[in-house]
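# Summary of structural features
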Amino acid sequence: MPNKNTMAAILSTDFDRVLSGWLKAQTKEGVKRADLVSAEESKEQSRDLLSAIADALPDAAVDSELDLTETVWDPIRDVLETITENRTQRGVSTTEMGWFIGSLKQPLFEILHTELADKPTEFMREMWNSTRLIDQISLHAIESLVEKREATIERQRAEMTEVSAPVVKIWDRIVTVPLIGTLDSFRAQTVMENILDAIVQWEAEVAIIDITGVSTVDTLVAQHLLKTAAAVRLMGAECVICGISPKIAQTVVNLGVELPNITTRVDLESGLAYAFDRVGVTVARG
Amino acid sequence: MTLRKSVTLKTHGDIAYARQVAGELMVEIEASAIKRTKFVTAVSEIARNAINYGQGGVITFHLAEASGRKRALAVCTDRGPGIEDVDAALRDGFSTGKSLGLGLGGAKRLVDQFEIVSTPGSGTRVSLECGPR
Ligand SMILES: Nc1ncnc2c1ncn2[C@@H]1O[C@H](COP(=O)(O)OP(=O)(O)O)[C@@H](O)[C@H]1O
Ligand SMILES: [Mg+2]
């Protein structure tokens, strides 16, 4: 066995033994979480990770030069990303994640012990190298898990910033509503209802919808805008959509969305100018 | 090609998150604002389809590098019913839902490279690739 990378040698000759030893250790340490992750999934994930390790090891430095951010370890980080994404979704804890990977030491140490029984110095060195590697992988997984959790919070925040849409009467017979955030969900329905209610309440003739604060106009958002404009028209009023940036205009055209019979203006100011004109207000400069 | 992030698509909030990750990736490849908007919008369409028609799925974001040029790649996979007639689904105005039927065709027009592989009974995979300019 070459001195340089004993772990690589073990994994190339004893892969299946290490894998089955690892799966057994996972069960024994109670980190398998069979309730959350199925046996097949666990096995598949363990095999993927071990294969990635086995593939990277021959070309990697595992001594004090070990650096998990090097490109040779890319596949491992990819596999970890998939595993942690899967496990975060299932609610696996950081401790369980750490132990899931940490329990790989058990079969590895056992083999090292057999192979290097009469070479205590080498045995110590290999123990230390493999501990360092497995701990780093485990720490990386935990970090990634924590990152994912933060992302979940971020995700919820993204959801919460979904449109808040106060409809305001800004002039006799003119209402405006600035849309901010995303227009994904059923909230679009609320926005439409708010506008229609405001039109009735203030006997408005023009409703200005300002979408400057909407970052993405996809086909669903476009459909909501079309529906809203149609409903506003049914109420005898008119809808003006303003705040369509050049990049959004281009994207909407690429999507193939047409906005027939909808008045659009670049910004709120020109939208307002149009509305004044519609309701017969003349703006004079003083 | 390196994996940057994978986003599980289950709820509509996940679409917003996928868009955010798509936007971050475009910033990483130093894409122009217009390219970013296009890629993010295409991702939004494809992610929503996976949820609406594909029983949910996962979208992975990768950074690809070809001859020194960075590119963004998104691959959305679901294990839903798949699409019987992909050409029909790509046609503008075709929808089995109550929507505009412009998502697939639109996404294809928004990105530099578009690929869809769908197997009836086992699922759909859509890949979107975009350069910075
Ligand atoms: N991931 C998917 N799985 C199954 N069917 C799909 C999927 N994506 C799209 N489709 C089918 O293709 C059609 C067209 O999709 P799209 O162009 O996005 O329009 P829309 O979402 O408005 O229906 C959908 O109505 C649906 O029948
Ligand atoms: Mg769609």
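The shown structure was predicted, so the numbers you read here are calculated from the model rather than taken from an experiment.

About the cut-offs
- One numbering rule holds for all chains: residues counted from 1, following each sequence as written.
- The order in which chains are written sets their letters, starting at A; the order in which ligands are written sets their numbers, starting at 1.
- Per-residue local features are limited, in this predicted model, to residues with pLDDT of at least 70; the limit for side-chain atom pairs, both in listing and counting, is 80 or more; totals at the level of whole chains, interfaces and linings are taken over all residues.
- With hydrogens and water excluded, all non-hydrogen atoms of the structure serve as input to the side-chain values.
- Strands here are runs of E lasting at least two residues and helices are runs of H or I lasting at least four, both read from the DSSP assignment and numbered beginning at the N terminus.
- Three labels apply to residues, based on accessible area from a 1.4 Å probe with only protein chains included: buried if under 20% of the type maximum, exposed if over 50%, partly exposed otherwise in between.
- One heavy atom within 4 Å of a molecule or strand is enough for the residue carrying it to be called near that molecule or strand.
- What qualifies as a polar contact is a pair of N or O atoms within 3.5 Å, subject to a donor-acceptor requirement within protein and to the restriction that residues adjacent in sequence count only when both atoms come from side chains.
- Each accessible area is a Shrake-Rupley result for a 1.4 Å probe, and residues are judged covered by the shown protein chains and nothing else.
- Side-chain classes follow a simple rule in which Ala, Val, Leu, Ile, Met, Phe, Trp, Tyr, Cys and Pro form the nonpolar group, Asp, Glu, Lys and Arg form the charged group, and the remainder, Gly included, forms the polar group.
- Each domain span listed reflects an automatic or database assignment of domains.
- Here the nonpolar core consists of buried residues drawn from Ala, Val, Leu, Ile, Met, Phe, Trp, Tyr and Cys, with membership extended through side-chain atoms lying within 4.5 Å.
- Here a residue-residue contact requires only that any non-hydrogen atoms of the pair lie within 4.5 Å.
- The salt bridge criterion pairs a side-chain nitrogen of Lys or Arg with a carboxyl oxygen of Asp or Glu, the two atoms within 4 Å.
- For two strands to be treated as a pair, DSSP must find no fewer than two bridges joining them.
- Each axis is a line fitted through C-alpha atoms, and for a helix only the stretch in contact is used; angles between axes span 0 to 180 degrees, taken between their N-to-C directions.
- Here the quantity called buried area is the total loss of accessible area, with a 1.4 Å probe, experienced by two parts when brought into contact, counted for both.

So, on to the environment of T11 of chain B. Residues and elements named next belong to chain B. Here T11 is to be found in the loop between β1 (2-9) and α1 (12-28). What makes T11 partly exposed here is its relative accessible area of 40%. Along the chain, T11 and I116 lie 105 residues apart, while their C-alpha atoms are 22 Å from each other.

Right, let's get into the site of ligand 1. Residue and element names in this part refer to chain B. For ligand 1, the set of nearby residues contains 18 residues, the closest of which are N49, Y53, S95, T96 and S99. Here G101 contributes a backbone N or O atom positioned 2.8 Å from an oxygen atom of ligand 1. Within the backbone of L104, an N or O atom sits 2.8 Å from an oxygen atom of ligand 1. Relative to its free-state accessible area of 540 Å², ligand 1 is covered by the protein chains to the extent of 94%. Across the shell around ligand 1, the residue classes break down as seven nonpolar, ten polar and one charged.

We note that the domain assignment places domain 1 (3-160) and domain 2 (168-279) within chain A. When each unit is reduced to the centre of its C-alpha atoms, the spacing between domain 1 of chain A and domain 2 of chain A is 53 Å.

Moving on, we come to the nonpolar core. The biggest cluster of nonpolar side chains holds 72 residues, and the ones touching the most others in it are F39, F61 and F114 of chain B. Among all residues touching F61 of chain B, those that are not within four sequence positions of it are T2, L3, R4, K5, V7, A18, V21, A22, L25, V43, L73 and A74 of chain B. Residues L49, L66, L133 and I134 of chain A belong to the second largest nonpolar core, which totals 39 residues.

Tallied over the full model, the rule gives 17 salt bridges over all chains. Here R17 of chain A and D14 of chain A are joined by a salt bridge, their closest N and O atoms 3.3 Å apart. Owing to a relative accessible area of 45%, R17 of chain A belongs among the partly exposed residues under this scheme. On the accessibility criterion, D14 of chain A (18% relative accessible area) is buried. In this structure, D172 of chain A engages R173 of chain A in a salt bridge whose closest nitrogen and oxygen atoms are separated by 3.3 Å. In this structure D172 of chain A comes out as partly exposed when scored by relative accessible area, which is 42%. Through salt bridges with shared partners, a single network forms among K35, R71, D112 and E129 of chain B.

Moving on, we get to the side chain of S118 of chain B. Residues and elements named next belong to chain B. Its place among the elements puts S118 in strand β4 (residues 113-119). Accessibility expressed as a relative area gives 17% for S118, which makes it buried. Separated by 2.7 Å, the side chain of S118 and the backbone nitrogen of I83 make a polar contact. From its side chain, S118 meets the backbone oxygen of G123 in a polar contact 3.5 Å long.

Turning next to the pairing of strand β3 (residues 69-78) of chain B. All names here are of chain B. With respect to burial, β3 is a largely interior element, seven of its ten residues being buried. Across ten bridges, the pairing between strand β2 (residues 57-66) and β3 is antiparallel. Counted as the bridge partner of L63 is A72 from β3. Once β2 ends, the chain turns through two residues before running back antiparallel as β3, passing S67 with a positive phi of about 40°.

It is worth spelling out the sheet that holds strand β3 (residues 206-214) of chain A at this point. Residues and elements named next belong to chain A. Pairing is mixed in the open sheet, where five strands are placed in the order β1-β2-β3-β4-β5. Looking along the sheet, the strands with just one partner apiece sit at the ends: β1 (168-171) and β5 (263-265). Each neighbouring strand pair of the sheet contributes to a mean axis angle of 30°, computed without reference to strand direction. Across seven bridges, strand β2 (residues 174-181) lies against β3 in parallel orientation. In the sheet register, T176 faces β3, and the bridge partner there is I208. Strand contacts of helix α9 (residues 219-234): β3 and β4 (238-242), with the helix running at about 150° to β4, the strand carrying the most contacts.

Turning our attention to the interface of chain B and chain A. Interface size is commonly expressed as the accessible surface area that is lost when the partners come together. Between chain B and chain A, the residue contacts involve 34 residues of the former and 29 residues of the latter. Carbon and sulfur atoms make up 53% of the area that chain B and chain A hide from each other, which totals about 2,700 Å². The largest contributions to the chain B side of the interface with chain A come from L3, Y17 and L100 of chain B, which together make up 18% of the buried area. Put simply, chain B and chain A have two salt bridges between them. Note that D218 of chain A is salt-bridged to R19 of chain B, the shortest N-O span being 3.9 Å. The interface formed by chain B and chain A contains nine residue pairs in polar contact (both at pLDDT 80 or more). Broken down by secondary-structure element, the contributors of at least two residues to the side of chain B that touches chain A are β1, α1, α2 (33-52) and α4 (103-110) of chain B. With nine residues, the top contributor of residues to the side of chain B that touches chain A is α2 of chain B. Its residues assigned to classes, the side of chain B that touches chain A shows twelve nonpolar, twelve polar and ten charged.

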